[in-house]
Amino acid sequence: MFSRAYKTVVTVPPLVWVTVFLLLPYLLMFCYSFWSVSPEQAIVHSWNLENYKELIQKTVYWQTLLRSMGIAVRVMIFSLLLGYPLAYFLSFCAGKRKDLLYQVVIIPLWVSYLVRAYAWKTILGSDGVLNTLLQYGHLTRHPLDFLLYSPFAVVLTLTHIYTPFTFLPIYAALEHIPRNLVEASHDLGATPAQTFWKVVFPLSIPGVIAGATFAFVLSLGDFLAPLLLGGPSGIMISNIVVSLFGAAYNWPLGAAISLAMLVIVVGLLFLSERLEKKWSFS
Amino acid sequence: MEFLLSTDPANVPRWLMLHAIAVFSFLYLPIAVLILYSFNGQGVGGFPPHHLTLNWYRILFADGPIWDSVLNSLQVAFAAMAISLIFGVPAALALDRAHFPGKAFFRRLVLLPLILPGIITGLSLLMLFNITGTKLSLITIMLGHGTALISVATTEVFAGLQKLDRAQEEASLDLGANYWQTFWRITVPNLKLSIIGAALLIFTLSMDEIAVSFFLIGRDNTLPLEIWGRLRRGITPEINAVSTIIFAFSLITIVLWYSLRRRSALGTDVGMELVESSNRDAN
């Protein structure tokens, strides 16, 4: 029913825009990663593998990458542990208050990311809210200094930020489970625990995978929370990239690290796509 | 059964309820602290808060650079909204109705900035602007936000299109209206809620965006970057005050959006649509 002209008009402009402002920049990042920087700090457009060699040989790069992945895994696990039971509670036990409570989970997403990270900083600092509260209640005498400027602070803050992201797809998956399946399981004599593990949980796995991917991927690339709350031991891979694009002025090496990150992320997205497909029954 | 489908609070396992309360507290604790300490005369931190004052708000209202950055952010958000709708709505129509080589790739590419860490999108655009000799300014941020947020417009409108009855468009075309008229008189009004929802979401995301802006910033700061600059110099309750005001505005936006939605039976949930359509695309 739609003419050729119509299809061309709706297809070509977005295609051109996305090619220029998304595809081209990604390709450019790929090119940059094979270039180098001269001693006079100019970009040399000669193709070589030096950046990737450096990436493999210098332990600081891949160790930071591994540490970032460790932080991202922890954020993912905590977000699932917080998000799944909450989604289950809303979907199955909240009754009429379901829609309201759903909004209550979503609202923190509308509060600026930066502002929430900053709020944690004011809570965890050595003269922050938590430490003064502990001393006020005579629970501690001296401020606990491991709270801020540590990987702990980064994991806590990122978990706070990404729990609603993890919650959303899990909740969507739980809401799509036909309730008569649950009833059938009960009628056939399954205990509540059996019903959960054999019916509800398997059907919610695609949501769990989507939520876990969101949490892992988004926290892997984060550089603001580590800068604000991480301290030296909480540095993540993106912080290295930021410094390579700033003061350290080595764009090609920065591009190589970004590309490594891009490959990990896109690989994970493909993997989670496969897994979701495998586990979806519809 | 009671365990699983109960709406009676007495039958819900206690730990599940306590867990939900704990998670809600965890999500709202920083926001509560933030708001509370914006009124604290003693600065940020210290317990209990005392010397409650509106002084920080007074300082905030007299603070020129903050309000300049708010104006900059508003310009960026409106421009980003325009760019992502101008290209995102046709992109959704194309994905729904046209077949062209590389369509699957195109769909993935458009959605990528939504899930990719902002640093990668920001840096790759920085390289583009650098190599083409484009000077960094608010315009480069607008281009960055606009491009990254096409994904939001496309997913929202694509979800709306799935519910659209094509017979209306067909009738319009049969009755002699051209495609342009049909688009404005049938397609757009039917997609009204998806488009408004996408616009609001794009606006809010752009106002809050920092990872892409971080790399594309010229001389003029957006609000998040202005806040970022100040955070690095030390923390003051003035930041709490401006954050509290932003939070209040976000709440008003949400309430407006839901009252708008409630009036229409066609209502969809923006956040949910986004998640579901990205899941759908993944499948």
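A few words now on the overall build of chain A. Across its full length, chain A holds twelve helices and two strands. When the helices and strands of chain A are listed from N to C terminus, the series reads α-β-β-α-α-α-α-α-α-α-α-α-α-α. The globule rule puts the C-alpha radius of gyration for 282 residues at 19 Å, and the 24 Å found for chain A is more than 25% above it. For chain A, the spread of C-alpha atoms along the three principal axes comes to 75 × 75 × 35 Å. Across chain A, every contact between residues at least 6 apart in sequence was considered, and the portion connecting residues at least 24 apart equals 71%.

Okay, the overall build of chain B next. For chain B, the helix and strand inventory stands at 14 helices and zero strands. Relative to its full complement of 283 residues, chain B shows a buried share of 45%. When contacts within chain B are restricted to residue pairs at least 6 apart in sequence, those whose partners lie at least 24 apart make up 78%.

All names here are of chain A. Here V266 is to be found in helix α12 (residues 251-279). On the neighbour-count criterion, V266 (15 C-beta atoms within 10 Å) is partly exposed. It is 9.3 Å that separates the C-alpha atoms of V266 and V217, two residues lying 49 residues apart in sequence.

Residues and elements named next belong to chain B. When pLDDT is averaged across chain B, the result is 84; 87% of the residues are at 70 or more. Mean pLDDT per element in chain B: helix α1 (residues 2-5) is the minimum at 48, and helix α4 (residues 64-97) is the maximum at 94. Predicted confidence for residues 279-283 stays below pLDDT 50, and this span has ten contacts to residues more than four positions away or in other chains. Quick note on the complex model: pTM equals 0.87, ipTM equals 0.88.

The subject of this paragraph is helix α10 (residues 192-208) of chain B. Relative to the 24 Å expected for 17 residues at 1.5 Å per residue, α10(B) spans 24 Å between its end C-alpha atoms, a close match to the ideal helical length. When α10(B) is considered as a whole, its buried residues turn out to be B:S194, B:I195, B:G197, B:A198, B:L201, B:I202, B:T204, B:L205, B:S206, B:M207 and B:D208.

Before going further, it helps to spend a moment on the packing of helix α1 (residues 4-32) of chain A against α12(A). What describes two packed helices is the angle between their axes and the distance between those same axes. Residues and elements named next belong to chain A. Between α1 and α12, the shortest axis-to-axis distance is 7 Å and the interhelical angle comes to 120°. Compared by their axis directions, α1 and α12 come out oblique. As α1 packs across α12, the resulting crossing turns out to be left-handed. The segment α1 lies against α12, with M29, F30 and Y32 engaging W251, P252, A255, S258 and L259. Residue composition of the contact of α1 with α12, by class: seven nonpolar, one polar and no charged.

What follows is about the environment of A:P202. Residues and elements named next belong to chain A. Within the secondary structure, P202 is located in helix α9 (residues 192-220). P202 sits in the partly exposed class, given 13 other C-beta atoms within 10 Å. The sequence separation of P202 and W279 amounts to 77 residues, and the corresponding C-alpha distance is 7.6 Å.

The biggest cluster of nonpolar side chains holds 159 residues, and the ones touching the most others in it are A:L86, A:A87, A:A153, A:A215, A:L229, B:A153 and B:I202. Top element by residues in this core is helix α7 (residues 151-175) of chain A. It accounts for 15 residues. Once you skip the residues sitting within four places of it in the chain, B:I202 turns out to touch B:A80, B:M81, B:S84, B:L149, B:V152 and B:A153.

So, about unusual backbone geometry. Residues and elements named next belong to chain A. Although it is not a glycine, Y149 adopts a positive phi angle of roughly 55°. Within the secondary structure, Y149 sits in the loop between α6 (129-136) and α7. Not every positive phi belongs to a glycine, and Y249 is a case in point at roughly 35°. Among the secondary structure elements, Y249 is positioned in the loop between α11 (237-245) and α12. We classify Y249 as partly exposed; it has 13 C-beta atoms within 10 Å.

A word on the packing of α1(A) against helix α6 (residues 118-131) of chain B. Two numbers describe how α1(A) lies on α6(B): the axes approach to 8 Å, and their chain directions differ by 85°. Overall, the two elements α1(A) and α6(B) adopt an arrangement that is roughly perpendicular. Contacts between α1(A) and α6(B) pair A:F21, A:L24, A:P25, A:Y26, A:L28, A:M29 and A:Y32 from the former with B:L123, B:S124, B:L125, B:M127, B:L128 and B:I131 from the latter.

Thresholds applied
Residues numbered from 1 in each chain as written. Chains lettered and ligands numbered in written order. Predicted model: local features only at pLDDT ≥ 70, side-chain atom pairs only at ≥ 80, totals over all residues. Helix = DSSP H or I, 4+ residues; strand = E, 2+ residues; numbered from the N terminus. Rg over C-alpha atoms; globule rule 2.2 N^0.38 Å. Contact = placed C-beta atoms within 7 Å. Buried ≥ 20, exposed ≤ 12 C-beta atoms within 10 Å, placed from the backbone. pLDDT = per-residue confidence, 0-100. Expected span 1.5 Å × (residues − 1). Axes fitted to C-alpha atoms, helices over the stretch in contact; angles between N-to-C directions. Parallel < 35°, antiparallel > 145°, perpendicular 65-115°, else oblique. Left-handed = near helix turned anticlockwise from the far one by under 90°. Nonpolar A, V, L, I, M, F, W, Y, C, P; charged D, E, K, R; others polar. Core = buried A, V, L, I, M, F, W, Y, C linked by C-beta atoms within 7 Å.

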